[in-house]
Amino acid sequence: MSPKISETFRRLELIEHGAMVVNDQRIEWVGAESEISSQYPDRRFDITVAAKGGVVTPGLVDPHTHPIFAATREHEFYLRNAGKSYMEIAAAGGGIRNSVRKTRAASFDQLCQKAVRFLDQMLKSGTTTIEAKSGYGLSTKAELKSLEVIHWLNDNHPIDLIPTFMGAHEFPDEYRDNREGYVRLLIDEMIPEVAHSKLAVFCDIFTEAGVFDLDQSRRIMTAAKGHGLKLRFHAEELKSIGGAELAAEMGAISADHLVFITDTGIAKMAEAGTIAILLPATTFFLGHKEYAPARKMIDQGVAVALATDFNPGSSCTTSLPAVMTVAAIYLKMTAEEILNAVTFNSACSLGLQKDIGSLQPGKLADFVIWDVENYEQIPYLFAQNPVRSVFKRGRQVV
Ligand code: NIG
Ligand code: FE
């Protein structure tokens, strides 16, 4: 991935009074409305949609979500607000392991139903493609079940889901005192089976103090890479341990969170072209004070994408427009950078920039019509969800 992507994607290409022609799920032509009659002199269109007074953007791409879980965890939200930390709750058996127990017990259909409700919300907020992680199963059987749920959702919901295996999300209860045993299970059984079944494109890991350390992360991700999975990392979310450097060194397509990234980490990511996926809604929802140093990363030439991190623990939002507002306030990103970060840069972080992420001929006709007077109003209209309609592959879905 070329670092130049950050250059192209800090710039926003705008067409005032624009028009777009869609043919068979894809964009055929984009330009000024005044040119359409000369472009298509004797063509009558089957359907005409007027975006009158609104703004049209590419469908939003959410490149980091954890949507396969059996139950929400609102009680932990209030425990945190009363003073307990995310890691204290996790160490006491809550957090991810709480979700794992319930997700293992849930049926395939229950997991699908639960996720559909949230995917519907995403679609209404303008999201047309997401990256979706497993990671609340943490056994071969339950991880494969979660990945199969992601495939079912991809086939049965308008949103496109790109599957990521995240068996290395936590150490499950039965391996708390045998961490090496779980690392071996990941390397010897889970990763080979996931790769063989072709159920995932990516492999992700929670590289963090108290979870997977650098040595374990390197071994697990080397195995994943060897089996043809592309790499993403959760890195430097709560502490800095060198996960960003490891991600850059291993050729990961993205490193995510990065609240506590060091200058060396930034330099290594810029050099390797690793995309930074920032998740400011997580920092906000955890009530933390320190946000990822987005300005520094952008200024050093790191391509920045934004995601919801939708999950029942640290970020229970499905709304990229809400993330956009938080990014403006706390990451000090400009409206142009933010729009780029939820469309083209996030598409790049999934390797899908040929098909989605911008409105260009040949790409899928995934687009949103917003009830706003200019694109700067999208992050500004705080929690108002100014989506008027959403189109997926040329078909109106909202
Ligand atoms: O990205 N940090 C690890 N994973 C999720 C949280 C998952 C959970 O709390 O259920 C995250 O924040
Ligand atoms: Fe996450």
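Given the structure is predicted, the values throughout are model-derived calculations rather than measurements. (Residues numbered from 1 in each chain as written. Chains lettered and ligands numbered in written order. Predicted model: local features only at pLDDT ≥ 70, side-chain atom pairs only at ≥ 80, totals over all residues. Heavy atoms only, no water.)

**Some details on the packing of helix α7 (residues 140–156) against helix α8 (residues 179–197)**
Alright, step 1. Relative to each other, α7 and α8 sit at 30 degrees, their axes nearing to 11 Å. As judged from the angle between their axes, α7 and α8 are roughly parallel. Our pair here, α7 against α8, has a crossing hand that is right-handed. Across the interface between the two elements, Thr 140, Glu 143, Leu 144 and Leu 147 of α7 pack against Leu 185, Glu 189, Met 190, Glu 193, Val 194 and Ser 197 of α8.
Alright, step 2. Across the contact of α7 with α8, the residue classes break down as five nonpolar, two polar and three charged. (Axes fitted to C-alpha atoms, helices over the stretch in contact; angles between N-to-C directions. Helix = DSSP H or I, 4+ residues; strand = E, 2+ residues; numbered from the N terminus. Parallel < 35°, antiparallel > 145°, perpendicular 65-115°, else oblique. Left-handed = near helix turned anticlockwise from the far one by under 90°. Contact = heavy atoms within 4.5 Å. Nonpolar A, V, L, I, M, F, W, Y, C, P; charged D, E, K, R; others polar.)

**Quick word on the site of ligand 1**
Alright, step 1. Lining the immediate surroundings of ligand 1 are 15 residues, of which Tyr 86, Tyr 136, His 169, Glu 237 and Ser 314 lie closest.
Alright, step 2. In the model, an oxygen atom of ligand 1 is placed 2.5 Å from a nitrogen or oxygen of the Tyr 86 side chain.
Alright, step 3. At 2.6 Å from an oxygen atom of ligand 1 is found a side-chain nitrogen or oxygen belonging to Tyr 136.
Alright, step 4. Burial of ligand 1 by the protein chains amounts to 100% of its free accessible area of 320 Å². (Near = heavy atom within 4 Å. Polar contact = N/O pair within 3.5 Å; in protein donor to acceptor, adjacent residues only side chain to side chain. Areas by Shrake-Rupley, 256 points an atom, 1.4 Å probe, with all protein chains shown as cover.)

**Focus: unusual backbone geometry**
Alright, step 1. The phi dihedral of Gln 25 is positive, around 75 degrees, even though this residue is not glycine.
Alright, step 2. Its place among the elements puts Gln 25 in the loop between β1 (18–23) and β2 (26–32).
Alright, step 3. Overall, the relative accessible area of 37% leaves Gln 25 in the partly exposed class.
Alright, step 4. Positive phi values are uncommon outside glycine, yet Arg 393 reaches one of about 50 degrees.
Alright, step 5. Along the chain, the position of Arg 393 falls in the loop between β13 (387–392) and β14 (395–396). (Buried < 20%, exposed > 50% of the residue type's maximum accessible area, 1.4 Å probe, protein only.)

**Quick look at the sheet that holds strand β3 (residues 55–58)**
Alright, step 1. Strand order in this open sheet of four strands is β3-β12-β13-β14, and the pairing throughout is antiparallel. Looking at the sheet topology across the chains shown, the edges are occupied by β3 and β14. (Pairing = 2+ DSSP bridges.)

**With respect to the packing of aromatic side chains**
Alright, step 1. Enumeration according to the criterion identifies 13 aromatic pairs in this entry.
Alright, step 2. Ring geometry for Trp 29 versus Tyr 40: centroids 6.2 Å apart, planes at 80 degrees, classification edge-to-face. Separated by 11 residues along the polypeptide, Trp 29 in strand β2 and Tyr 40 in the loop between α2 (36–39) and β3 bring together distant segments of the chain.
Alright, step 3. Since its relative accessible area comes to 10%, Trp 29 is described here as buried.
Alright, step 4. Each member of the aromatic cluster is reached from another via a ring pair, and the members are Phe 69, Phe 118, Tyr 136 and Phe 310.
Alright, step 5. Across from the ring centre of Phe 202, 4.4 Å away, lies the NZ or CZ of Arg 232, which sits over that ring. (Phe/Tyr/Trp six-rings, centres within 6.5 Å; stacked < 30°, edge-to-face > 60°. Lys NZ or Arg CZ within 6 Å of the ring centre and 35° of its normal.)

**Observations regarding helix α5 (residues 96–105)**
Alright, step 1. Every buried residue belonging to α5 is among Ile 96, Arg 97, Asn 98, Ser 99, Val 100 and Thr 103, and all of these are buried.
Alright, step 2. Lining the buried residues of α5 we find α3 (74–81), α4 (86–91), α6 (108–124), α7 and β7 (202–207).

**Here we look at the coordination of the iron ion (ligand 2)**
Alright, step 1. At this site the iron ion (ligand 2) is bound by His 64 (NE2), His 66 (NE2), His 234 (NE2) and Asp 309 (OD), with donor distances of 2.1 to 2.3 Å.
Alright, step 2. Of note, the donors binding the iron ion (ligand 2) are all from one chain and are spaced H-x1-H-x167-H-x74-D. In this pair, His 66 sits in the loop between β4 (60–65) and α3 while Asp 309 sits in the loop between β11 (304–306) and α14 (320–330), placing the two residues 243 residues apart along the sequence. Taken as a pair, His 66 and Asp 309 share a single burial class, namely buried. (Donors = N, O, S within 2.8 Å, 3.2 Å for Na, K, Ca; no water.)

**Side note on the pattern of salt bridges**
Alright, step 1. Scanning all chains against the criterion turns up 21 salt bridges.
Alright, step 2. The partner of Glu 131 in a salt bridge is Lys 133, with the nearest N and O atoms 2.8 Å apart.
Alright, step 3. A relative accessible area of 0% means that Lys 133 is categorised as buried.
Alright, step 4. For the salt bridge of Asp 160 with Arg 393, the shortest nitrogen-to-oxygen distance reads 3.1 Å. Here Arg 393 lies in the loop between β13 and β14 and Asp 160 lies in strand β6 (residues 160–168), a separation of 233 residues in the sequence. (Salt bridge = Lys/Arg side-chain N within 4 Å of Asp/Glu carboxyl O.)

**Thoughts on the domain arrangement of the protein chain**
Alright, step 1. Once the domains are mapped, the protein chain shows domain 1 (15–57 + 361–396) and domain 2 (58–349).
Alright, step 2. Centre-to-centre, using C-alpha coordinates, domain 1 lies 31 Å away from domain 2.
Alright, step 3. Taken together, the contacts link 18 residues of domain 1 with 19 residues of domain 2.
Alright, step 4. Three residues stand out in domain 1 for area buried against domain 2, namely Tyr 375, Pro 379 and Lys 392, and they jointly supply 36% of the buried area on that side.
Alright, step 5. Taken together, the links from domain 1 to domain 2 amount to two salt bridges.
Alright, step 6. The interface formed by domain 1 and domain 2 includes eight residue pairs in polar contact (both at pLDDT 80 or more). (Domains from an automatic or database assignment. Buried area = accessible area lost by both parts, 1.4 Å probe.)

**A short note on the confidence of the model for the protein chain**
Alright, step 1. On average, residues of the protein chain score 96 in pLDDT, and 97% of them are at 70 or above.
Alright, step 2. Taken together, the stretch residues 1–7 has pLDDT below 50 and engages in 14 contacts with residues farther than four places along the chain or on a different chain. (pLDDT = per-residue confidence, 0-100.)

**Structural notes on the environment of Phe 69**
Alright, step 1. Looking at the element boundaries, Phe 69 is found in the loop between β4 and α3.
Alright, step 2. Judged by relative accessible area, Phe 69 falls into the buried class, the value being 1%.
Alright, step 3. Once the C-alpha coordinates of Phe 69 and Val 149 are considered, the two residues, 80 residues apart in sequence, prove to be 10 Å apart.
Alright, step 4. The residues contacting Phe 69, other than those within four sequence positions of it, are Thr 103, Leu 111, Lys 114, Phe 118, Tyr 136, Phe 310, Asn 311 and Pro 312.

**Regarding the environment of Arg 176**
Alright, step 1. When you line up the elements, Arg 176 lands in the loop between β6 and α8.
Alright, step 2. Excluding anything up to four places from it in sequence, Arg 176 contacts Arg 97, Glu 170 and Phe 171.
Alright, step 3. One polar contact links the side chain of Arg 176 to the main-chain carbonyl oxygen of Phe 171, over a distance of 3.3 Å.

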